[in-house]
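Breakdown of the fold
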Amino acid sequence: MSLEYPHIPQQLLDYRSQKLLEAFTHQGEVNTWSAIDELFQIVSEITQMQPVDLLPCLGFDPNNQDRDSLQSLFGVMRTVVTLRNLGFVEITPLPPRQDRKEADLLAKRQDDLFAVEVFRANEDQWRYPGYNLEEYIGRRFVKDKKAQLAATISSYGCSKAILVVVFDSESKALLSKSEFQEAAELSFAAMGFPDETHLIMFTGKSDALTGEDDLAIFPELLP
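Residues numbered from 1 in each chain as written. Predicted model: local features only at pLDDT ≥ 70, side-chain atom pairs only at ≥ 80, totals over all residues. Heavy atoms only, no water.

**Considering unusual backbone geometry**
- In this structure, Pro 219 follows Phe 218 across a cis peptide bond, with omega equal to -10°.
- Structurally, Pro 219 is set in the segment after strand 6 (213–218).
- Although it is not a glycine, Gln 48 sits at a positive phi angle of roughly 60°.
- Tracing the sequence through the fold places Gln 48 in the loop between helix 3 (29–47) and helix 4 (51–57).
- We note that Phe 193 has phi near 50°; this positive angle belongs to a residue other than glycine.
- Mapped onto the elements, Phe 193 comes out in the loop between helix 7 (177–190) and strand 5 (197–206).
- When its relative accessible area of 54% is taken as the criterion, Phe 193 is described as exposed. (Helix = DSSP H or I, 4+ residues; strand = E, 2+ residues; numbered from the N terminus. Buried < 20%, exposed > 50% of the residue type's maximum accessible area, 1.4 Å probe, protein only.)

**Re the pairing of strand 2 (residues 105–109)**
- Within strand 2, four of the five residues are buried, which leaves it mostly tucked inside the rest of the structure.
- As paired strands, strand 2 and strand 3 (residues 112–121) are joined by five bridges and run antiparallel to one another. Each residue of the ladder has a partner; that of Arg 109, found in strand 3, is Asp 112.
- If you look at the hairpin formed by strand 2 and strand 3, you'll find two residues sitting between the two strands, and Gln 110 has a positive phi there, around 55°. (Pairing = 2+ DSSP bridges.)

Following this line, the structure appears as structure tokens:
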């Protein structure tokens, strides 16, 4: 870790990928690292884990130069913050396993333990309601996310599951809040109406009045 960015593990500070370099160009290196540092600080406080211990639990691989690898890591971290804001506690990252794929997180809400799987809508694809969005989410759930959630439920005795979809693409600008909620409901239908499962979608696009991310949940979480 550095004095400038005390919450970022050195292994990540030394990492470079095409996506990170693009972020430097778009918003400046200092602004990029400052935002990452703040995110690590918040997630570390929520999970009660040191940033250096968080990194392997979030599946970070310093040798992985895939352009979406770092964004996937940040998607899980942002999900931790979103779950905290929704009243979840004991939010715990699950490190990747060699023998099988499991969900990304465990989290408690009231008397329920949830298995939470996160994936990002690819930034290189335009996705919006009625065009390559609902069927994309349904397809991803049926193909692999459903099995990952089921494996986690079995291993940890969870009573419910959550699929989280994080939108970082420019297509988020096309989504009004009403469209976003409708898209969540249609996406859940494309997932096959799975029992004891919720779909959470958020965009990273802040509401002008509240400063919070645009968020859609279906079915609604109990108060």
